Amino acid sequence: MPILNALLAGLIFGAGLLVSGMANPAKVLGFLDIAGNWDPSLAFVMAGAIAIGSVGFAMARRRKYSLFDAAMLLPTASRIDRRVLAGSAMFGAGWGLAGFCPGPALVCVGSGEFGAMLFVVAMLVGMKIFALAEQRPSQTNGS
Amino acid sequence: MSVDLVHFSPFSALVGGLLIGFAAALLVLGNGRIAGISGIIGSLLDTTSSDRAWRAAFVLGLFAAPWIFKLFTALPPVTIASSPPVLVVAGLLVGIGTRYASGCTSGHGVCGLSRGSARSLAATVTFMAMGFFAVFVTRHLLGF
């Protein structure tokens, strides 16, 4: 059951990315182009997602276990450190460069977009580079 | 600045957003986990991590979404204007950056803001600001 639930969540998440326009890099870049011909649509994606998400997380916070008896694993990190700021700055630069963030890129790989496949392969390489760099100096555990 | 009324689509954006929020709520209430795509993929890449089945199922759902979508209605248009080298550089930045920051648009943006996390708010403000900046530089200064 928990596996099916995760599959269903992935399907609905992906459908949401498609319906909202987030899965279209041209739409994302139109949103990020405030100095040009700005398309504010994606602000409505965030508003809709947080409207429902905040209800879900408020319910989750009151539970010790999930509906399928898994431990409720909510993030505990709260420090606003160099990692979260520098990492987000890098991510934002890449996002603004091509208009892809991880979720939409995976959905577009599913629909067979060559450009998305190229982006995802590079993204996986980037993640692997990060994992290798993390292992080396010290065994600090991030998340 | 002008507003692009031709492409402005507040209704579909809101409906899509509601679906995304619902999916995030479903995953946390059902599996007790955050729907953070970069974290999910990052853990799948790490062959030593346990608890990979739900992550693989979630990613499979993302891949399959356009196929299920197509059964009901036509897929919305996707325009990828970036050249292959730009896509590769962007992918590397997104891969390293999201892992360094422990989250992306979904983990920090959707889930973090829904939880009221100040750390995620700082992440979201930072990646949005850099996104605006990158588009400004590429479109208006370099003229891509």
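See above for the structure.
This one's a predicted model, so the numbers in the text were calculated from it and none came from an experiment.

With respect to the overall build of chain A
If you tally the helices and strands in chain A, you get six helices and one strand. In chain A, the order of α-helices and β-strands from amino to carboxyl end is α-α-β-α-α-α-α. Within chain A, the proportion of its 143 residues that are buried is 49%. Put simply, of all contacts in chain A between residues at least 6 apart along the chain, 39% involve residues at least 24 apart. Accessible area for chain A stands at about 6400 Å²; split by element, carbon and sulfur atoms hold 66% of it. Across chain A, the mean location of the 10 positive side-chain charges is 12 Å away from that of the 6 negative side-chain charges.

Brief notes about unusual backbone geometry
A negative phi holds for most residues other than glycine; trans holds for most peptide bonds. Residue and element names in this part refer to chain B. In this model, Ser102 sits at a positive phi of 55°, which is unusual for a non-glycine residue. Positionally, Ser102 belongs in the loop between helix 4 (84-100) and helix 5 (105-115). With relative accessibility at 27%, the residue Ser102 sits in the partly exposed group.

Brief notes about the side chain of Ser82(B)
As for its position among the elements, Ser82(B) is in the loop between helix 3 (53-72) and helix 4. Using a relative accessible area of 16% as the deciding quantity, one classes Ser82(B) as buried. Setting aside anything within four residues of it in sequence, one finds Ser82(B) in contact with Leu97(A), Ala98(A) and Leu87(B).

Focus: helix 5 (residues 102-110) of chain A
Counting buried residues along helix 5 of chain A, eight of its nine residues qualify, which places the element largely inside the surrounding structure. Residues Pro102(A), Gly103(A), Pro104(A), Ala105(A), Leu106(A), Val107(A), Cys108(A) and Gly110(A) constitute the buried set of helix 5 of chain A. In the core, the buried residues of helix 5 of chain A are packed alongside helix 1 (2-20), helix 4 (82-98) and helix 6 (114-135) of chain A together with helix 2 (37-45), helix 3 and helix 4 of chain B. A positive phi of about 85° marks Gly112(A), the residue just after helix 5 of chain A.

Structural notes on the pattern of salt bridges
A complete count under the given rule lists five salt bridges over all chains for this structure. Between Asp81(A) and Arg119(B) there is a salt bridge whose closest N-O contact spans 3.3 Å. Taken as a pair, Asp81(A) in the loop between helix 3 (41-61) and helix 4 and Arg119(B) in helix 6 (residues 118-141) lie in two separate chains rather than in one. Asp81(A) sits in the buried class, given a relative accessible area of 15%. On the basis of relative accessible area, Arg119(B) is assigned to the buried category, the value being 10%. Residue Arg83(A) pairs with Glu134(A) through a salt bridge whose shortest N-O separation is 3.0 Å. Of this pair, Arg83(A) sits in helix 4 while Glu134(A) sits in helix 6, and the two are 51 residues apart along the sequence.

Parameters and conventions
Residues numbered from 1 in each chain as written. Chains lettered and ligands numbered in written order. Predicted model: local features only at pLDDT ≥ 70, side-chain atom pairs only at ≥ 80, totals over all residues. Heavy atoms only, no water. Helix = DSSP H or I, 4+ residues; strand = E, 2+ residues; numbered from the N terminus. Buried < 20%, exposed > 50% of the residue type's maximum accessible area, 1.4 Å probe, protein only. Contact = heavy atoms within 4.5 Å. Areas by Shrake-Rupley, 256 points an atom, 1.4 Å probe, with all protein chains shown as cover. Lys, Arg positive; Asp, Glu negative; His and termini not counted. Charge placed at Lys NZ, Arg CZ, Asp CG, Glu CD. Salt bridge = Lys/Arg side-chain N within 4 Å of Asp/Glu carboxyl O.

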